[in-house]
Amino acid sequence: DLAGNELIAGKSTKIEWMKPVFAEDALSSTCTVSNLTKRNEKNGIVELTFEVFNQHGELVLTDVTEMIVSKMLKTKNNEEFINTIKILPQDGAKN
């Protein structure tokens, strides 16, 4: 559950396999908020880019996922809204 209570809906996911992955591979990943887009006054779209690496440091998979999330914060001048999400660890433990 990457977005917690702010998640409204999933919009899209694009997965691209760069290299084969085998059962004995040890995988690690990074997740980056790659884009934020205002959708309306109540919600926006968060684009997350995941990169997955094997034990040799080789990029084996990329995943670009878009989610519709509720807006939580306003800037000081109240003219722009900022989309925020809390990225949770895979085990679901909250920081």
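Above this text sits the structure in question.
Residues numbered from 1 in each chain as written. Predicted model: local features only at pLDDT ≥ 70, side-chain atom pairs only at ≥ 80, totals over all residues. Heavy atoms only, no water.

Draft legend 1. Structural view of the nonpolar core. Membership of the largest hydrophobic core is limited to 6 residues, which are A3, V46, L48, F50, M67 and V69. Looking at this core, the elements that each hand over two or more residues are β3 (43-53) and β4 (59-70). Not counting residues within four places of it along the chain, the set of residues in contact with F50 comprises L2, T30, C31, L61, T62, D63 and T65. (Core = buried A, V, L, I, M, F, W, Y, C linked by side-chain atoms within 4.5 Å. Buried < 20%, exposed > 50% of the residue type's maximum accessible area, 1.4 Å probe, protein only. Helix = DSSP H or I, 4+ residues; strand = E, 2+ residues; numbered from the N terminus. Contact = heavy atoms within 4.5 Å.)

Draft legend 2. Quick peek at a nonpolar patch on the surface. A cluster of nonpolar side chains, contributed by I15, W17, V21 and L27, occupies part of the molecular surface with about 400 Å² of accessible area. With respect to the secondary-structure elements, V21 resides in the loop between β1 (7-17) and β2 (28-38). (Patch = residues over 30% accessible without salt bridge, like charges linked within 9 Å, V, L, I, M, F, W, Y side chains within 5 Å. Areas by Shrake-Rupley, 256 points an atom, 1.4 Å probe, with all protein chains shown as cover. Salt bridge = Lys/Arg side-chain N within 4 Å of Asp/Glu carboxyl O.)

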